[in-house]
Amino acid sequence: MSKNTKINGLLLLLVAALAVLPIALGLGEGKEEPFAGADAQAEAAITELKPDYEPWFSPLYEPPSGEVESALFALQAALGAGVLAYYFGVRKGRRQGAAAAAAAATTSAATGPEA
């Protein structure tokens, strides 16, 4: 087993543990929405600490429902992942192209000029 395979396996186990452990340990028990987002938790904390708080501004677009909001967030995440994947793919392609060009130059230099 190669070193990269071992590292990938360990990272996969770590991600699985991060997903399963909060549920297995019961970290969300006793709460109405145990795994609510950070925005909702911050809003609840602010409302509890200072009920008369007025926000400085309002959102530019308020989605009609939680499902639409989740779909827009998923779309944003997918677009971001696509941009990152494209960037890293281009970098790898350039690196492989440079290596292939260097190998071709070395091969042509070793065989000498063709007459």
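This one's a predicted model, so the numbers in the text were calculated from it and none came from an experiment.

## A short note on the overall build of the protein chain
What the protein chain contains, in helices and strands, is three helices and zero strands. For 115 residues, the compact-globule formula gives about 13 Å, and the C-alpha radius of gyration of the protein chain, at 26 Å, lies well above that figure. Its C-alpha atoms put the protein chain at 85 × 40 × 25 Å along the principal axes. Across the 115 residues of the protein chain, 2% fall into the buried class.

## Section: the confidence of the model for the protein chain
Mean pLDDT for the protein chain: 87, with 90% of residues reaching 70 or above. Mean pLDDT in the protein chain bottoms out at helix α2 (residues 38-49), which sits at 85, and peaks at helix α1 (residues 3-24), which reaches 92.

## Overview of a nonpolar patch on the surface
On the surface, a cluster of nonpolar side chains totalling about 610 Å² of accessible area is made up of Leu60, Tyr61, Leu72, Leu75 and Leu79. Along the polypeptide, leucine 72 turns up in helix α3 (residues 66-111).

## So, the packing of aromatic side chains
Counted according to the given criterion, the structure contains one aromatic pair. Ring centres of tyrosine 87 and phenylalanine 88 lie 5.2 Å apart, and the angle between their planes is 65 degrees; on these two criteria the pair is classed as edge-to-face.

## Observations concerning a negative patch on the surface
Residues Asp39, Glu43, Glu62 and Glu69 make up a contiguous surface patch of negative charge. Note on placement: glutamate 62 falls in the loop between α2 and α3. Note on glutamate 62: relative accessible area 57%, which makes it exposed.

Cut-offs used in this document
- Residues numbered from 1 in each chain as written.
- Predicted model: local features only at pLDDT ≥ 70, side-chain atom pairs only at ≥ 80, totals over all residues.
- Heavy atoms only, no water.
- Helix = DSSP H or I, 4+ residues; strand = E, 2+ residues; numbered from the N terminus.
- Rg over C-alpha atoms; globule rule 2.2 N^0.38 Å.
- Buried < 20%, exposed > 50% of the residue type's maximum accessible area, 1.4 Å probe, protein only.
- pLDDT = per-residue confidence, 0-100.
- Patch = residues over 30% accessible without salt bridge, like charges linked within 9 Å, V, L, I, M, F, W, Y side chains within 5 Å.
- Areas by Shrake-Rupley, 256 points an atom, 1.4 Å probe, with all protein chains shown as cover.
- Salt bridge = Lys/Arg side-chain N within 4 Å of Asp/Glu carboxyl O.
- Phe/Tyr/Trp six-rings, centres within 6.5 Å; stacked < 30°, edge-to-face > 60°.
- Lys, Arg positive; Asp, Glu negative; His and termini not counted.
- Charge placed at Lys NZ, Arg CZ, Asp CG, Glu CD.

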